[in-house]
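# Examining the three-dimensional arrangement
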Amino acid sequence: MRRASSTVLSHLSPQTKTSFALLSRNFIAHLSSPTTTTNEHHHNHPSPTHLKTCNKSNALLLSKIKTQQFQAHPSQNFNTLVDQPPPQVSSRQRKIKERSQLDEAFESAKTTEDMLKAFKDMEASFDEKELGLACLKLGLKLDQEGEDPEKTLSFANRALKVLDRDNKVSLPLAMTLQLLGSVCHSLNRFNDSLGYLNRANRILVRLEEEGSCSIDDIRPVLHAVHLELANTKMAMGRREEALGNLRRCLEIKEMTLEKDSRELGNAYRDLAEAYVAALNFKEALPFCLKALEIHKAQLGHNSVEVAHDRRILGHIYTGLEEHEKALEQNHLSQRVLKNWGLSSDLLRAQIDAANMQIALGKYDESINTLKGIVQQTDKESEDRALVFLSIAKALCNQEKYVDSKRCLEIACGILNKKETTSPAEVAEAYMEISMLYETMNEFETAISLLKRTLAILEKLPQEQHHEGSVCARIGWLLLLTGKVQQAIPYLENAAERLKESFGSKHFGVGYVYNNLGAAYLELDRPQSAAQVFAIAKEIMDVSLGPHHNDSIEACQNLSKAYGAMGSYTLAIEFQQRVIDAWEGHGPSAEDELKEAHRLLEQLKKKARGVFSKEPSTKALPLPHTSKFASPGSSQPGVSSQ
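The rules behind each value
Residues numbered from 1 in each chain as written. Predicted model: local features only at pLDDT ≥ 70, side-chain atom pairs only at ≥ 80, totals over all residues. Heavy atoms only, no water. Helix = DSSP H or I, 4+ residues; strand = E, 2+ residues; numbered from the N terminus. Buried < 20%, exposed > 50% of the residue type's maximum accessible area, 1.4 Å probe, protein only. Contact = heavy atoms within 4.5 Å. Areas by Shrake-Rupley, 256 points an atom, 1.4 Å probe, with all protein chains shown as cover. pLDDT = per-residue confidence, 0-100. Axes fitted to C-alpha atoms, helices over the stretch in contact; angles between N-to-C directions. Parallel < 35°, antiparallel > 145°, perpendicular 65-115°, else oblique. Left-handed = near helix turned anticlockwise from the far one by under 90°. Nonpolar A, V, L, I, M, F, W, Y, C, P; charged D, E, K, R; others polar. Phe/Tyr/Trp six-rings, centres within 6.5 Å; stacked < 30°, edge-to-face > 60°. Expected span 1.5 Å × (residues − 1). UniProt positions renumbered as here; feature names shortened; annotations may be inferred. Polar contact = N/O pair within 3.5 Å; in protein donor to acceptor, adjacent residues only side chain to side chain. Salt bridge = Lys/Arg side-chain N within 4 Å of Asp/Glu carboxyl O. Core = buried A, V, L, I, M, F, W, Y, C linked by side-chain atoms within 4.5 Å.

### A short note on the overall build of the chain
- Summing up its helical and strand segments, the chain has 28 helices and zero strands in all.
- Per-residue burial for the chain yields a buried fraction of 52% across its 641 residues.
- A separation threshold of at least 6 residues defines the contact pool for the chain, and within that pool the share at least 24 residues apart is 64%.
- Of the roughly 28,800 Å² of accessible surface on the chain, a fraction of 48% belongs to carbon and sulfur atoms.

### Thoughts on the confidence of the model for the chain
- In this model, the chain carries a mean pLDDT of 82, and residues with pLDDT of at least 70 account for 81%.
- Note that residues 1-82 has pLDDT below 50 and, in this model, 186 contacts with residues that lie over four places away or in other chains.
- A low-confidence stretch, residues 625-641 stays under pLDDT 50, and its non-local contacts, those more than four residues away or across chains, total 70 contacts.

### Comments concerning the side chain of K537
- Turning to its location among the elements, K537 is positioned in helix α25 (residues 526-543).
- Residue classification places K537 among the buried residues on the basis of a relative accessible area of 13%.
- The residues touching K537, leaving out its near neighbours within four places in the chain, are A554, C555, L558, F574 and R577.

### A few points about the packing of helix α27 (residues 568-583) against helix α28 (residues 590-607)
- For the pair α27 and α28, the least separation of the axes is 9 Å and the interaxial angle reads 165°. Relative to α28, the element α27 lies roughly antiparallel. Where α27 crosses over α28, the handedness of that crossing is left-handed. Together, Y568, A571, I572, Q575, Q576, V578, I579, W582 and E583 of α27 and E592, L593, A596, H597, L599, L600, L603, K604, K606 and A607 of α28 make up the contact between the two elements.
- Considering only residue class, the contact of α27 with α28 consists of 12 nonpolar, three polar and four charged.

### Here's the deal with the packing of aromatic side chains
- What the rule picks out here adds up to six aromatic pairs.
- Seen in terms of ring centroids, F119 and F155 are 5.3 Å apart; in terms of plane orientation they differ by 80°. Their pairing is edge-to-face. A residue pair is termed long-range when its members are at least 10 positions apart, and F119 in helix α5 (residues 112-123) and F155 in helix α7 (residues 149-163) qualify at 36 residues. Each member of the pair F119 and F155 is classed as buried.
- On the basis of an interplanar angle of 15° and a centroid distance of 5.8 Å, the ring pair of Y562 and F574 is categorised as stacked. Here Y562, found in helix α26 (residues 549-565), pairs with F574, found in helix α27; they are 12 residues apart in sequence, far enough to count as distant. Pair check on accessibility: Y562 and F574 agree, each one buried.

### A few points about helix α20 (residues 423-439)
- The end-to-end C-alpha distance of α20, which contains 17 residues, comes to 24 Å, matching closely the 24 Å that a straight helix rising 1.5 Å per residue would cover.
- In terms of residue burial, α20 counts as a mostly covered element, since 14 of its 17 residues are buried.

### Some words on the UniProt feature "repeat: TPR" (unreviewed entry) in the chain
- Feature annotation in UniProt places "repeat: TPR" (unreviewed entry) on residues 427-460, given in this structure's numbering.
- Within residues 427-460, the helical portion is 82% and the strand portion 0%, while the C-alpha atoms at the span's ends are 10 Å from each other.

### Digging into the environment of A359
- Within the secondary structure, A359 is located in helix α16 (residues 343-359).
- Of the residues examined, A359 reaches a relative accessible area of 23% and is grouped as partly exposed.
- The sequence separation of A359 and E322 amounts to 37 residues, and the corresponding C-alpha distance is 9.6 Å.

### Side note on the side chain of S404
- Along the chain, S404 turns up in helix α19 (residues 401-415).
- Taking the relative accessible area as the measure of exposure, S404 reaches 0% and is therefore buried.
- Of note is the side chain of S404, whose polar atom sits 2.9 Å from the backbone oxygen of A392.

### Notes on the pattern of salt bridges
- What the rule picks out here adds up to 31 salt bridges.
- For E322, the salt bridge identified is with K325, shortest N-O distance 3.1 Å.
- Given the relative accessible area of 29%, E322 is considered partly exposed.
- For E438, the salt bridge identified is with R473, shortest N-O distance 3.2 Å. With a gap of 35 residues between them, E438 in helix α20 and R473 in helix α22 (residues 464-480) connect regions that are remote in the sequence. Neither residue differs from the other here; E438 and R473 are each classed as buried.

### Observations concerning the packing of α26 against α27
- Packing of α26 against α27 leaves a shortest axis separation of 7 Å and a crossing angle of 160°. As the angle between them shows, α26 and α27 are arranged roughly antiparallel. By crossing handedness, the relation of α26 to α27 is classed as left-handed. Across from N549, I552, C555, Q556, L558, S559, Y562 and G563 in α26, the residues of α27 making contact are Y568, L570, A571, F574, Q575, R577, V578, A581 and W582.

### Concerning the nonpolar core
- Judged by nonpolar contacts, the single largest core of 87 residues is most densely connected at L408, I433 and Y513.
- If sequence neighbours within four positions are ignored, L408 has contacts with L389, A392, I433, L436, Y437 and M440.
- Grouped together as the second largest cluster of nonpolar side chains are 47 residues, F155, L163, V169 and A200 included.

### Some details on unusual backbone geometry
- Here the phi dihedral of L279 falls at roughly 65°; this positive angle occurs in a residue that is not glycine.
- Mapped onto the elements, L279 comes out in the loop between α12 (262-277) and α13 (281-299).
- Backbone geometry at E399 places phi at a positive 65°, although glycine is not the residue there.
- As for its placement among the helices and strands, E399 is situated in the loop between α18 (382-397) and α19.
- Owing to a relative accessible area of 59%, E399 belongs among the exposed residues under this scheme.

In structure tokens form, the structure reads like this:
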């Protein structure tokens, strides 16, 4: 999933930052400055002993002030009595009154500036131990605005020092840890953020188990913690883990919201978008359909929310290569967007439709659509660049390479100027452009553009999944052009990045390890090759199935590596597995089966001491699909070599 500024690999909306903005009603209900926290709050939300004592005594003092005022000023209550001069007020009473007024000023402050001013006045009259909740409330307000994370961090740390005492847990402590997690995320201190958020989660689970807090008070904070965990893990490229936290967020909303509420519909759509960002279109589909069902029932077929649901659904169907369904959803979405006059969203939907037409092989129709769209774009806009990119794609599929390159040059000319303002979007466009150059056998141009893309992505930690994909493709192209030594570091880096982003069993990781094995074998490092080929085979068997063409090819490569090591017994064993797998494909794999038998006989001869040169090991091309390259891609999948 991309971060806030990105689409789901081009089409997603951002995840909401969690803190005051998300939970203002829930958080602030628990937050008052020391003199106004009631005993009831402490019964439901236990906090450290020193805070309880302070709050109780302050409440009693305020009560005494009112009683004394009533007794000292009977004229205010009984008009028949003669006015009397006000009694002398003790210094202690005066101090209590001043503190009460300061507290009220802080509580009534609406703007951050007013809150900061009131807090500064409070600091002269209150001990630091009495300011913990006020620091938390002010920190949440600052985090909501997001303009000064260092100042926010300062208040959050002050709150933590007060609330985190005597090994006692409380809801305000969990809130403070959530705030620290949020602000550390803003400061790109992701490991610190995870530490605070995981501790907040443990405290909330403990409070729920002990029953010391109302579950209705815990859930909003727990939702904020898991959403911030998801945001942080996304920023670290750990997308698979982030999805687990987003699923937990949805579970919390399902427990607290009506089953047909609009907000729950939005939550389903958010999770669908997250799955699309993680390239898991199959999992995304049911959540998007639920969102669409709720929004249609609540808002009608012609609402903007329904239009957005349909557009995401179109991307999901594109990822599933169900292009007719994708186009149908796109047209329904366009109709609503047009009625509402949402020209920017409509333009992007029209570009999406043209790409879907390309996927269906309707190249001329797509080009005609795009020629109409380009007239609606500004000369130097990103939309114009995307239109020319799509035209180039259609022309490339028609093998009109000269015209395609001309369109790509126009697109790159626009995108070059947008690298600093829209780096993630530009990087994604560069990736798609590089694949078109690769298709036209312009490998050096493709490699150069990918290296430029990598330089952009390295500055964006939340784009680690794209960084891994780009490294993988650079490594593959270097391997393809004979630059084997240069390819290895890119492939090794790609494997690590993609494992962190998609998990160790993702099929893309298998392709990278297979290509890395081919590189090791080319450099006469058969032992290293065998190790990574074995990993590649295991991954592909799990993710693609043992009888998939590329899984069989990985097994074939493992056999060759063992053969190169002189381990002929193992080589023959895996070569026999290759033969068994191809036999399962029937007549369509006749040529592959024949070649597999030839290689088996060759291995048997070598085992008997007869030398015969083997053909080179095959590197598997990285898939040109939205499942690995980019969400908007509509290239065909990997075929067996």
